[in-house]
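Survey of secondary and tertiary structure
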Amino acid sequence: DAKTTQPTSMDCAEGRAANLPCNHSTISGNEYVYWYRQIHSQGPQYIIHGLKNNETNEMASLIITEDRKSSTLILPHATLRDTAVYYCIVRVRGDGQNFVFGPGTRLSVLP
Amino acid sequence: EAGVVQSPRYKIIEKKQPVAFWCNPISGHNTLYWYLQNLGQGPELLIRYENEEAVDDSQLPKDRFSAERLKGVDSTLKIQPAELGDSAVYLCASSPTRAASEQFFGPGTRLTVL
């Protein structure tokens, strides 16, 4: 079973920031938080991952709370092409543990 | 660089017929995964290969599903015979090693069993 809880769906206005929450209250000290997204009719695509520090790349920012029990993926300026299902996954990095995908959050970016 | 290639993209068959899916991972990627994705759900792992060895096939229904990865490159997933409940998207992914942070997914094969 997935170790994370995400809202089923969210809407965001085009050009605004999209903030996608994820709860992972049972996360272990050596588990990382990963985010993937899946655009319609495509396979999932890696976005970002982190352990405890906030992370940023060209796609998004990842904010992890100090107790690590929740995190937020931020798309700073959402576009229509960001409409997708977003998956939050916790996984031990480096030991080959499998990714366990939950149902994710369906983000709709509205014009 | 080419991504993960899967074929066919779509397949429609009648129940009890056999079906096969093919995957060509990214060059140099040792680890290959097959996932099943039902409508409205996230992908579920069926089998993972390290080179040509299947190292995790605990979720593969072995009575009707089989997979192979000859020479540690391309892989084939087969269902025989197919059942109505097998209708789903079958995704292939690869990564440089099993410890890699990022898996690269193909576009998937959408199977419809009538």
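Anyway, here's the lowdown on the structure attached to this text. (Residues numbered from 1 in each chain as written. Chains lettered and ligands numbered in written order. Predicted model: local features only at pLDDT ≥ 70, side-chain atom pairs only at ≥ 80, totals over all residues. Heavy atoms only, no water.)

**Considering the state of the cysteines**
Here, disulfide denotes a covalent bond that connects the sulfur atoms of two cysteines. All names here are of chain A. Under the criterion given, the structure shown has two disulfides over all chains. Each sulfur of the disulfide joining Cys 22 and Cys 88 lies 2.1 Å from the other. With the S-S bond torsion at -85 degrees, the cross-link from Cys 22 to Cys 88 turns out left-handed. Of the two residues, Cys 22 sits in strand 2 (residues 18-23) while Cys 88 sits in strand 8 (residues 84-92), which places them 66 residues apart along the sequence. A disulfide-free cysteine, Cys 12 has its sulfur positioned 18 Å from the sulfur of Cys 22, the nearest such atom. (Disulfide = S-S within 2.5 Å. Helix = DSSP H or I, 4+ residues; strand = E, 2+ residues; numbered from the N terminus.)

**Overview of the sheet that holds strand 4 (residues 45-50) of chain A**
Residue and element names in this part refer to chain A. As summarised here, the arrangement of the five strands in space is 1-9-8-3-4, forming an open sheet in which the pairing is mixed. Only two strands of the sheet have a single partner each, and these edge strands are strand 1 (9-13) and strand 4. Between one strand and the next, the sheet's axes are offset by a mean angle of 25 degrees, whatever the strand orientation. In this structure, strand 3 (residues 31-38) lies alongside strand 4, joined through five bridges in antiparallel fashion. Opposite Tyr 34, over in strand 4, you have His 49 as the bridge partner. (Pairing = 2+ DSSP bridges. Axes fitted to C-alpha atoms, helices over the stretch in contact; angles between N-to-C directions.)

**Examining the packing of aromatic side chains**
Aromatic ring pairs are described here by two measures, namely the spacing of the ring centres and the angle between the planes. Scanning all chains against the criterion turns up 13 aromatic pairs over all chains. Seen from their ring centres, Tyr36(A) and Phe99(A) are 5.4 Å apart, and the 70 degrees between their planes marks the pair as edge-to-face. Taken together, the residues span a long stretch of sequence, with Tyr36(A) in strand 3 and Phe99(A) in the loop between strand 8 and strand 9 (105-110) at a distance of 63 residues. Neither residue differs from the other here; Tyr36(A) and Phe99(A) are each classed as buried. When the centroid spacing of 4.8 Å and the interplanar angle of 25 degrees are considered together, the rings of Phe21(B) and Tyr90(B) count as stacked. One end of the pair, Phe21(B), is in strand 3 (residues 19-24); the other, Tyr90(B), is in strand 9 (residues 88-95), and 69 residues separate them in sequence. Taken individually, Phe21(B) and Tyr90(B) each receive the classification buried, so the pair is uniform in this respect. Put simply, the rings of Tyr32(A), Tyr34(A), Tyr36(A), Tyr46(A), Tyr87(A), Phe99(A), Phe101(A), Tyr33(B), Tyr35(B) and Phe105(B) pair up and form one aromatic cluster. (Phe/Tyr/Trp six-rings, centres within 6.5 Å; stacked < 30°, edge-to-face > 60°. Buried < 20%, exposed > 50% of the residue type's maximum accessible area, 1.4 Å probe, protein only.)

Purely geometric numbers; function is a separate question.
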